[in-house]
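Now for the letters of each chain:
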Amino acid sequence: MDFNPISVNVSSEIGKLQHVLVHMPGPEIENMTPKDAHIYLFSDILNLQVAQKEYGYFKRVLQKATQVHEICDLLADILEDDRIKNSLIDRICKAEDRLVIADYLKGMTAKELSKKLIEGVRMDSIASFKKEKYLLRPLPNLFFMRDASFTMFDNLMISSMASQVRARECMILETIYNLHPMFEAKVVKPSLDYDVHGIGTVEGGDVQIIRDDVVICGLGARTNMHGVEGLVEHLKTKPGVKHLIFQELPLTPESFIHLDMVFTMLDVDKCMIYEPVILNPAFKTFHITIDGQKAVGKEVTDLVAGLKSIGIDLEPVYCGDGNDDYAAREQWHSGCNFFCLEPGKFIGYGRNQHTLQALNDAGFNVVTAADVVNNKVNLERQRKCIIAFEGNELSRGGGGARCMTMPVQRMAVEW
């Protein structure tokens, strides 16, 4: 393998994007039925053909703006090394009680194995197994790249998932980050490395890097207090004073599973919020100041106020344009979930029309992904814009543009 190494660094949610990891949804989506969708944390099943068409426009916009890397390709790269291949197979098979099929998997080529570890292996692939539908379950959540890992400054962080059904995603990503020559970074597992209780959970959709000294985190269904404490312990290893603000989230419905479903950054002075959660005193917000080994916490009014107290003064744009009914409907379909290509330029679903109107009123030009892809709109000539892509099918999976990306390098931001 011959790759130019990436110096991993993400010190904000909005810095100009340099490198991002993605996964185009594939057959693993169709290897899920209504009967078992709940096992994979889905409330509905997706039409793969439509989802791939929508995702294609999303990915091509990213390619216009930055370097895009497919996880399936990176996995195939490292599996060319038999030692890595055999070690990963043994680890996965042991964790999923499938050691009996290890030799079968080791007989596959690197590209074939890369696909099968994601798509799953059906029982009819091996004639002697008839008890279960899958020898290895598919990973239909993998295209939500942000859940299983996230970048915190110069570290690649491996999540501790709230559901065991997604544990293989973490194993795959950890192996890629540690062993692919493209990555130059220390890999950290905050819950496992710092949580003495062994019950911490933290998922990347809950963690956002706001500034080089500020991290925010959701506390809810997917990230628990032990996971938050693991992040605090990790921040103690970093130089200078750091701030962690964590936001309590509703436990139901599932549209509130992560912080990025109710809050995302848009620019140096603007953010998107779902007001009934972010500005609701019923959901507590706490600010922890970390200076060396000392951590001091206090409750703050809300997330926006907490950020303002440390010099990040944001004007909220309201999901659903401030109308409660519109906001509830559009938040359900990831109306707060945007992903920045650079300050003031970001991408999200086009279906959330009232939210797009609010963004337009706030000074962001609304352009379509199709026009960007077809060169009718030049992103470099756009000063502030939202690139809207079709996501009627993708949004039914329960995530948006931020969920589907894993940035590993951004440029610094002038605040």
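This text goes with the structure placed above it.
Calculation rules
Residues numbered from 1 in each chain as written. Predicted model: local features only at pLDDT ≥ 70, side-chain atom pairs only at ≥ 80, totals over all residues. Heavy atoms only, no water. Helix = DSSP H or I, 4+ residues; strand = E, 2+ residues; numbered from the N terminus. Expected span 1.5 Å × (residues − 1). Buried < 20%, exposed > 50% of the residue type's maximum accessible area, 1.4 Å probe, protein only. Pairing = 2+ DSSP bridges. 1 Å grid on protein atoms, 1.4 Å probe; cavity = no way out; pocket = protein on both sides within 12 Å on 5 of 7 lines; lining within 4 Å. Points joined across faces, edges and corners; volume = space filled by probe spheres on them. Nonpolar A, V, L, I, M, F, W, Y, C, P; charged D, E, K, R; others polar. Axes fitted to C-alpha atoms, helices over the stretch in contact; angles between N-to-C directions. Left-handed = near helix turned anticlockwise from the far one by under 90°. Contact = heavy atoms within 4.5 Å. Core = buried A, V, L, I, M, F, W, Y, C linked by side-chain atoms within 4.5 Å. Parallel < 35°, antiparallel > 145°, perpendicular 65-115°, else oblique. Arc of directions from axis to C-beta. Polar contact = N/O pair within 3.5 Å; in protein donor to acceptor, adjacent residues only side chain to side chain.

Asker: I'd love a proper account of helix H7 (residues 167-179), names of residues and values included.
Answerer: Between its first and last C-alpha atoms H7 spans 19 Å; for 13 residues at 1.5 Å apiece the expected length is 18 Å, and the two agree. The buried count for H7 comes to 11 of 13 residues, which makes it a mostly enclosed element. Burial in H7 covers these residues: Ala-167, Arg-168, Glu-169, Cys-170, Met-171, Ile-172, Leu-173, Glu-174, Thr-175, Ile-176 and Tyr-177.

Asker: Mind laying out the pairing of strand S19 (residues 345-349), listing which residues take part and the relevant values?
Answerer: Burial runs high along S19: 5 of the 5 residues are buried. The pairing of strand S18 (residues 339-342) with S19 spans 3 bridges and is classified as antiparallel. Note on S19: the bridge partner recorded for Glu-342 is Lys-345. Connecting S18 to the next strand, S19, in antiparallel fashion are 2 residues, including Gly-344 with a positive phi near 85°. In this structure, S19 lies alongside strand S21 (residues 385-389), joined through 5 bridges in parallel fashion.

Asker: Give me the lowdown on empty space enclosed by the protein, citing residues and values where you can.
Answerer: With the rule as written, the count across this model stands at 3 cavities of 30 Å³ or more. Estimates place the volume of the largest cavity at around 80 Å³. Along its surface, the largest cavity is lined by Val-10, Ser-12, Glu-13, Arg-146, Phe-150, Thr-151, Val-207, Ile-209, Arg-402, Met-406, Pro-407 and Arg-410. When residues of the lining of the largest cavity are traced back to their parent elements, those giving at least two are strand S6 (149-152), strand S10 (207-211) and strand S22 (406-410). In terms of residue count, S22 provides more of the lining of the largest cavity than any other element does, 3 residues in total. For the lining of the largest cavity, the residue count by class is 6 nonpolar, 2 polar and 4 charged. Its volume calculated, the second largest cavity comes out at about 40 Å³. Looking at the second largest cavity, the residues that line it are Tyr-274, Glu-275, Pro-276, Tyr-318, Cys-319, Gly-322, Asn-323, Asp-324 and Ala-327. For the lining of the second largest cavity, the secondary-structure elements that each account for two or more residues are helix H10 (275-278) and helix H12 (324-332). Broken down by class, the residue content of the lining of the second largest cavity amounts to 5 nonpolar, 2 polar and 2 charged.

Asker: Which residues make up the packing of helix H2 (residues 71-79) against H7, and what values go with them?
Answerer: As a packed pair, H2 and H7 sit with axes 10 Å apart at the nearest point and diverge in direction by 65°. Both H2 and H7 take part in a crossing whose hand is left-handed. In this structure, H2 contributes Ile-71, Leu-74, Leu-75 and Ile-78 to the contact, and H7 contributes Ile-172, Leu-173, Thr-175, Ile-176 and Leu-179. For the contact of H2 with H7, the residue count by class is 8 nonpolar, 1 polar and no charged.

Asker: Which residues make up the nonpolar core, and what are the values?
Answerer: The biggest cluster of nonpolar side chains holds 43 residues, and the ones touching the most others in it are Leu-21, Leu-105, Leu-117, Ile-176, Tyr-177 and Phe-183. Discounting chain neighbours no more than four positions away, the residues touching Leu-105 are Lys-85, Ile-89, Cys-93, Leu-113, Val-121 and Leu-136. Counting 39 residues, the second-largest nonpolar core is a separate cluster that includes Ala-327, Leu-356, Ile-386 and Ala-388.

Asker: Can you explain the sheet that holds S22? Please cite residues and give values.
Answerer: Strands sit in the order S3-S2-S22 across an open sheet of 3 strands; the sheet is mixed. This sheet does not close on itself; its edge strands, each paired only once, are strand S3 (67-70) and S22. Ignoring strand direction, the axes of neighbouring strands in this sheet form an average angle of 20°. Pairing geometry for strand S2 (residues 17-22) and S22, over 4 bridges, is antiparallel.

Asker: Explain the pairing of S6 residue by residue, including any values.
Answerer: Along S6, one buried face is formed by Ser-149 and Thr-151 and the opposite face, lined by Phe-150 and Met-152, is buried too. Connecting S6 to the next strand, strand S7 (residues 155-158), in antiparallel fashion are 2 residues, including Phe-153 with a positive phi near 60°.

Asker: Break down the packing of H2 against helix H5 (residues 110-119) for me, citing the residues and quoting the values.
Answerer: Put simply, H2 and H5 touch, their axes get as near as 8 Å, and they point 130° apart. Relative to H5, the element H2 is oriented oblique. Seen along the crossing, H2 lies across H5 with a hand that is right-handed. Between H2, through Cys-72, Leu-75, Ala-76 and Leu-79, and H5, the contact on the second element is made entirely by Ala-110, Lys-111, Leu-113, Ser-114, Lys-115, Leu-117 and Ile-118. Residues belonging to the contact of H2 with H5 are distributed by class as follows: 8 nonpolar, 1 polar and 2 charged.

Asker: Give me the lowdown on H12, citing residues and values where you can.
Answerer: Residues that lie three or four places apart on an α-helix share one face, since the helix turns once every 3.6 residues. Three or more residues of H12 are buried, namely Ala-327, Glu-330 and Gln-331. The buried residues of H12 occupy one face: seen down the axis, they fall within an arc of 100°. Opposite its buried face, H12 presents the exposed residues Asp-325 and Arg-329, each directed more than 90 degrees away. Contacts from the buried residues of H12 go to helix H13 (353-361). For H12, the N-terminal capping position is held by Asn-323, with its side-chain oxygen 3.0 Å away from the main-chain nitrogen of Asp-325.

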